[in-house]
Amino acid sequence: MGITNDEAVKQLRALMEDVDDSLRESYRNIHQGYTTENLLRFLKARDWNVQKAHKMLLDCLEWRAQNEIDKILTKPIVPVDLYRAIRDTQLVGVSGYSKEGLPVIAIGVGLSTYDKASVHYYVQSHIQMNEFRDRVVLPSVTKKQGRPICTCLKILDMSGLKLSALSQIKLMTAITTIDDLNYPEKTETYYVVNVPYIFSACWKTIKPLLQERTKKKIQVLKGCGKDELLKIMDYESLPHFCRREGSGSGRHISNGTVDNCFSLDHSFHQDLYNYVKQQALVKGPSEPIRHGSVHVMFPEPDTEGTNIFDTLESEFQKLGNDNKI
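Basis of the calculations
Residues numbered from 1 in each chain as written. Predicted model: local features only at pLDDT ≥ 70, side-chain atom pairs only at ≥ 80, totals over all residues. Heavy atoms only, no water. Helix = DSSP H or I, 4+ residues; strand = E, 2+ residues; numbered from the N terminus. Buried < 20%, exposed > 50% of the residue type's maximum accessible area, 1.4 Å probe, protein only. Contact = heavy atoms within 4.5 Å. Areas by Shrake-Rupley, 256 points an atom, 1.4 Å probe, with all protein chains shown as cover. Pairing = 2+ DSSP bridges. Salt bridge = Lys/Arg side-chain N within 4 Å of Asp/Glu carboxyl O. Phe/Tyr/Trp six-rings, centres within 6.5 Å; stacked < 30°, edge-to-face > 60°. Axes fitted to C-alpha atoms, helices over the stretch in contact; angles between N-to-C directions. Polar contact = N/O pair within 3.5 Å; in protein donor to acceptor, adjacent residues only side chain to side chain. Right-handed = clockwise from strand over helix to strand, strands pointing away.

**Some thoughts on the overall build of the protein chain**
Okay, step 1: Counting its regular elements, the protein chain contains twelve helices and seven strands.
Okay, step 2: Burial statistics for the protein chain: of 325 residues in total, 50% are counted as buried.
Okay, step 3: Pairs at least 24 residues apart make up 78% of the contacts formed inside the protein chain by residues separated by at least 6 positions.
Okay, step 4: As displayed, the protein chain offers around 16500 Å² of accessible surface, 51% of which is attributable to carbon and sulfur atoms.

**Focus on the pairing of strand β4 (residues 187-193)**
Okay, step 1: Within β4, five of the seven residues are buried, which leaves it mostly tucked inside the rest of the structure.
Okay, step 2: In this structure, strand β3 (residues 152-157) lies alongside β4, joined through six bridges in parallel fashion. Directly across from L153, in β4, lies its bridge partner T189.
Okay, step 3: Direction of pairing for β4 relative to strand β5 (residues 218-220): parallel, over a ladder of three bridges. Bridging from a neighbouring strand, Y190 pairs with I218 of β5.

**Some remarks on the pattern of salt bridges**
Okay, step 1: Summed over all chains, the structure comprises 15 salt bridges.
Okay, step 2: For the salt bridge of D59 with K55, the shortest nitrogen-to-oxygen distance reads 2.7 Å. Separated by four residues within a single helix, D59 and K55 lie in helix α4 (residues 50-66), roughly one turn from each other.
Okay, step 3: Residue classification places D59 among the partly exposed residues on the basis of a relative accessible area of 39%.
Okay, step 4: You can call K55 exposed: its relative accessible area is 52%.

**Considering helix α2 (residues 24-31)**
Okay, step 1: The set of residues buried in α2 consists of S26, Y27, N29, I30 and H31.
Okay, step 2: Residues of α2 that are buried sit in contact with α1 (5-16), α3 (35-45), α4 and α6 (119-145).
Okay, step 3: Immediately downstream of α2, the backbone of Q32 shows phi near 50°, a positive value.

**Here's the deal with the packing of aromatic side chains**
Okay, step 1: The full count for this structure, using the stated rule, is six aromatic pairs.
Okay, step 2: Judged by centre distance (5.2 Å) and plane angle (75°), the rings of Y114 and Y122 are edge-to-face.
Okay, step 3: The class of Y122 is buried, set by a relative accessible area of 0%.
Okay, step 4: Aromatic side chains F132 and F268 sit 5.8 Å apart centroid to centroid with 65° between the ring planes, which places their arrangement in the edge-to-face category.

**Describing the sheet that holds β5**
Okay, step 1: If you trace the five strands from one edge of the open sheet to the other, you get β1-β2-β3-β4-β5, paired in mixed fashion. Whereas interior strands pair on both sides, the edge strands pair on one side only; in this sheet they are β1 (92-97) and β5. On average, each strand axis in the sheet is inclined to that of its neighbour by 25°, with strand direction left out of account.
Okay, step 2: Bridging between β1 and strand β2 (residues 103-108) involves five bridges; their strand directions are antiparallel. Residue G96 lies in a different strand from β2, and its bridge partner there is V104.

**Here we look at the side chain of K186**
Okay, step 1: The residue K186 is located in the loop between α7 (169-182) and β4 in this model.
Okay, step 2: Under the relative-accessibility criterion, K186 is labelled buried at 6%.
Okay, step 3: At 2.9 Å, the side chain of K186 and the backbone oxygen of C150 are in polar contact.
Okay, step 4: The contacts of K186, once residues within four sequence positions are left out, are R41, R133, D134, L138, C150, T151 and C152.

**Structural notes on the pairing of β2**
Okay, step 1: Extensive coverage of β2 is indicated by the burial of six of its six residues.
Okay, step 2: The antiparallel pairing of β1 with β2 creates a hairpin that spans five residues between the two strands, and G101 there sits at a positive phi of about 95°.
Okay, step 3: Tracing the backbone out of β2, into α6 and back to the parallel element β3 gives a crossover that is right-handed.

**Remarks on unusual backbone geometry**
Okay, step 1: A cis amide bond links V78 with the next residue in sequence, P79, at an omega value of 0°.
Okay, step 2: Locating P79 in the fold gives a position in the loop between α4 and α5 (80-89).
Okay, step 3: Unusually for a residue other than glycine, Q32 sits at a positive phi of about 50°.
Okay, step 4: Here Q32 lies in the loop between α2 and α3.

Shown next as structure tokens:
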């Protein structure tokens, strides 16, 4: 008979009491005062194996220390025109909150091109959004809700997905691996909307490769998913591509307000960009803002991740060959 969840948390907590002093700042940054919830994330990610969860958590802290992740919110991407180009090609944003208070993160998978900057800039941008979510957004929502809010919902827009996305697999592998190993179990549910044929064809092959806990989190919705999503969030929190059938991920402004949560002009990205600039100034004149991306070491994907991306690459190539025929 295995140990209970409570016992697993107790054991992992005891192991983490001996964390090295050089890693304590990182440890505080990832749990933000909610140690139990944090330990639960790593335990779930390793199927409640305490020793494996402990190793995963220590590896995460080592990765953060080696890559100075605790300082990444003091390193703005400059000039602003470069950052705007990144926002226009790495379509991610917070559109609002669910009825339970969870941040709703929208991701334009199909129309993200990642072609206006180096891979390192896109990875830096992604990690900054993760850190801003964990250190600023979630603590603020937790305070407002009066209970720990440590996870989010993600809505993946597949509008415009093409075979050319094959060229982005290396970058997406790096980003997904960073999330899987260093920000595990931060997403309650993935909602997939505006699904084209190419996704449906690949999904049939990839789904059996996923672990059960991952499969349970993914819901492929009909059309833009508006009717289903309105059961868990208000209309104002729907991403723009879910508000009407066929709306896609178009960049648009209406009624004088920015509806497109991907845009740098949206309140989430304005708050994030201004926060990073302010944090950079707090460091003082001894550390001037430098041009150039932050280079982060990409962890090796685990076996499941490698199999999924190898399969995805193979399926894209098959579809491409079929189209040529």
